[in-house]
Amino acid sequence: MREPVDLRRQRILAAVQARGAARVSDLATELAVSVVTLRRDVEELARTGKLRRGHGTVRPILPEQDAGQGRERTEGAASALDPAPDGGPVAVVVPERHAYLYEMLHGARTAFEEAGVRIALHIAPAAPGAEQPIVERALADGARALLIAPRWRSRATEEDDYAWLARVDVPTVVMERRPRRGSAVHAVDTVCTDHWYGVHLAVEHLTGLGHRRIVLAARDDSPTARAVRAAFTEIAAEHPRVDKWALALSSPSATADADEAAGHSGKPLDLPSLLGELGATGALLHGDVDALMLVQSLRDAGLRVPEDCSAIAYDDVVAGLGGTPLTAVSPPKAEIGRTAAELLLRRLGEQAAGGPAGPAHRVQVLPTLKVRGSTRSAPYRDPVPSTPAAQ
């Protein structure tokens, strides 16, 4: 039986009076109604003066005789939830044609919508330094905060952005990027994946299946790619069950400057030949599209995945769509975006309350490993006969 509207609205008022302040989305869950229904009720209750409505929040109307300590408590709770009520949008800046970051954008958008905060999305082209003029225009147009995921194809372009990012005078969160320690933006809020842990999961999975010789074929044209390469170098070099390992570029275009690929420390990859030279039976491949193409190159060379070589992709955007669905390290993309948005909303709440800002946050969220059909126990290898001792 459907609940009468008046009864539902009485329950809303009772919940708000008991809490002092609450998010609309939280109340909808607690009262087992849709967010749309609850917002409609809140609008009507606010119109009739029975409660106060903020951006994604609701709080009670206090009688004048209770204006002392109770009001301080209620308004203090509300300020922690509410950004400035009539501020401009949050500027969100992400690179063009970047599916990995677009999944994070979805998580961020959901959090902002639940809080009733508008966003203004800006897509940065691939040109170095493209983000700075976009951010400056957004701020000039009234953006009150910034959520940004710079492309940073090379370390040089990354460091070129540090100075102006440090000067941005609105709350800022850098998403899925970890600025260099000690840099001008070390103390800017950041939320990103713990890529070391992602590589650790992949290597542990392969070695647990008996693979002792492993290749990383990785890009080198983003902060994620560079973090994956550095983590693999460290982990493989120290792992007691890794006998041999190698590092290579996943494709000729996988470096920040394709013209320098031939002289790069990781040369363009002929994966079948490299696996043969190393005697490797396991491969970690970054990112997904390169991974699917490299698995195809193995098949063309007569090597079967996973029978002859186990393969793990890193990114998990399209890894599960291959003819052989790829086991993949899966960064928590939507959760990264949501966490970054919630941190930015917290900063806006602090700003609206007029108090001092809290300490900077450098948040890392752990990825997971999704095991599919591209990994299995290492194939049996006949031991190499030892050289007879001299008589």
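Owing to the predicted nature of the structure, the values given are computational and were not obtained by experimental measurement.

**Student:** Help me out: how do you make sense of the packing of helix H8 (residues 195–208) against helix H9 (residues 223–238) in this one?
**Tutor:** Pairs of packed helices are described in terms of their axes, by the angle between the two and the distance that separates them. Where H8 contacts H9, the axes come no closer than 8 Å and their chain directions differ by 50°. By the angle class used here, H8 and H9 are oblique. As H8 runs across H9, the sense of the crossing is right-handed. Together, His-195, Trp-196, Val-199, His-200 and Val-203 of H8 and Thr-224, Ala-227, Val-228, Ala-231, Phe-232, Glu-234 and Ile-235 of H9 make up the contact between the two elements.

**Student:** Just checking my understanding: could you explain the packing of aromatic side chains for this structure?
**Tutor:** Each aromatic ring pair is characterised by the separation of its centres together with the angle its planes make. Overall, the coordinates contain 2 aromatic pairs when judged by the stated rule. Measuring from centroid to centroid gives 5.9 Å for Trp-152 and Tyr-162, while their planes differ by 85°, and the two rings are edge-to-face. On the criterion of sequence distance, the pair formed by Trp-152 in the loop between strand S6 (145–148) and helix H7 (155–167) and Tyr-162 in helix H7 is long-range, its members being 10 residues apart. For the residue pair Trp-152 and Tyr-162, the accessibility class agrees, reading buried in each case. Centre to centre, the rings of Phe-232 and Trp-245 are 5.8 Å apart; their planes meet at 80°, and the pair counts as edge-to-face. In this pair, Phe-232 is assigned in helix H9 and Trp-245 in strand S10 (residues 244–249), connecting sequence segments 13 residues apart. Classification of Phe-232 as buried rests on a relative accessible area of 0%. Trp-245 gets classed as partly exposed once you look at its relative accessible area, which sits at 31%.

Parameters and conventions
- Residues numbered from 1 in each chain as written.
- Predicted model: local features only at pLDDT ≥ 70, side-chain atom pairs only at ≥ 80, totals over all residues.
- Heavy atoms only, no water.
- Axes fitted to C-alpha atoms, helices over the stretch in contact; angles between N-to-C directions.
- Helix = DSSP H or I, 4+ residues; strand = E, 2+ residues; numbered from the N terminus.
- Parallel < 35°, antiparallel > 145°, perpendicular 65-115°, else oblique.
- Left-handed = near helix turned anticlockwise from the far one by under 90°.
- Contact = heavy atoms within 4.5 Å.
- Phe/Tyr/Trp six-rings, centres within 6.5 Å; stacked < 30°, edge-to-face > 60°.
- Buried < 20%, exposed > 50% of the residue type's maximum accessible area, 1.4 Å probe, protein only.

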